[in-house]
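Working through the structure, step by step
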Amino acid sequence: MSDSYDSVPIRDESIRLGQFLKLANLIESGAEAKEVIADGLVSVNDEIEVRRGRQLRDGDVVKIGGMTARVRSQH
């Protein structure tokens, strides 16, 4: 199993899950984010997450389908 994934920089100390999915190009739109999160298709740190407003912080790892991205704070 590979631990390779993209680190996606954020401007602030935290970002909401729905926003991060779009920023990391893991989904196309906010509407798509709402759907995939509600359907339980997104995990944060290997746990299914169904809250679109979940606050992500530096080091959190988000997975959807076969894609993975890590939150990297620029602070």
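First, a word on what this report is: a plain description of the structure on this page. (Residues numbered from 1 in each chain as written. Predicted model: local features only at pLDDT ≥ 70, side-chain atom pairs only at ≥ 80, totals over all residues. Heavy atoms only, no water.)

1. Remarks on the overall build of the protein chain
Quick reminder of the rule: Here a strand is any run of E in DSSP of at least two residues, a helix any run of H or I of at least four, and the numbering for each starts at the N terminus. Restricting the calculation to C-alpha atoms gives the radius of gyration, and the globule rule supplies 2.2 Å times the number of residues raised to the power 0.38. Only protein chains enter the area calculation, which uses a 1.4 Å probe; residues under 20% of their type maximum are buried, those over 50% are exposed, and those in between are partly exposed. Residues count as neighbours in contact if any of their non-hydrogen atoms are within 4.5 Å of one another. Counted as positive: Lys and Arg. Counted as negative: Asp and Glu. His and the chain ends are not counted at all. In this description, the location of a charge corresponds to atom NZ of lysine, CZ of arginine, CG of aspartate or CD of glutamate.
When you go through the protein chain residue by residue, the secondary structure sums to two helices and seven strands. Here the C-alpha radius of gyration of the protein chain, 11 Å, is about what a compact globule of 75 residues would show, namely 11 Å. Projected onto its principal axes, the C-alpha positions of the protein chain cover 30 × 30 × 20 Å. Looking at the 75 residues of the protein chain, the share that counts as buried comes to 33%. Sequence-distant contacts, at least 24 apart, represent 49% of the contacts inside the protein chain between residues at least 6 apart. Side-chain charges of the protein chain comprise 11 positive and 13 negative groups, with the mean position of each set lying 5 Å from the other.

2. With respect to the sheet that holds strand E7 (residues 67-73)
The strands making up a sheet associate through hydrogen bonds between their backbones, and the pairing can be parallel or antiparallel. To keep it simple, the criterion reads: Pairing between strands is defined by DSSP: at least two bridges between them are needed.
Read across the open sheet, the five strands follow the order E1-E7-E6-E3-E4; overall the sheet is mixed. In the strand order of this sheet, the two ends are held by strand E1 (6-10) and strand E4 (47-48), each with one partner. As defined by bridge partners, strand E3 (residues 42-44) adjoins E4 across two bridges and the pair is classed as antiparallel. Bridge assignment links Val-44 to a residue of E4, and that residue is Glu-47.

3. Describing a positive patch on the surface
Filter applied, for reference: The residues that make up patches have over 30% relative accessible area and no salt bridge, and they are joined within 9 Å when like-charged or within 5 Å when they are Val, Leu, Ile, Met, Phe, Trp or Tyr. We get accessible surface area from the Shrake-Rupley algorithm with a probe of 1.4 Å; when it comes to residues, only the shown protein chains can shield them. Only one rule defines a salt bridge in this text: a Lys or Arg side-chain nitrogen within 4 Å of an Asp or Glu carboxyl oxygen.
A cluster of like positive charges, contributed by Arg-16, Lys-22, Lys-34 and Arg-52, occupies part of the molecular surface. If you trace the backbone, Lys-22 turns up in helix H1 (residues 17-23).

4. Notes on the environment of Gly-65
With respect to the element layout, Gly-65 can be found in the loop between strand E6 (61-64) and E7. Judged by relative accessible area, which is 74%, Gly-65 ranks as exposed.

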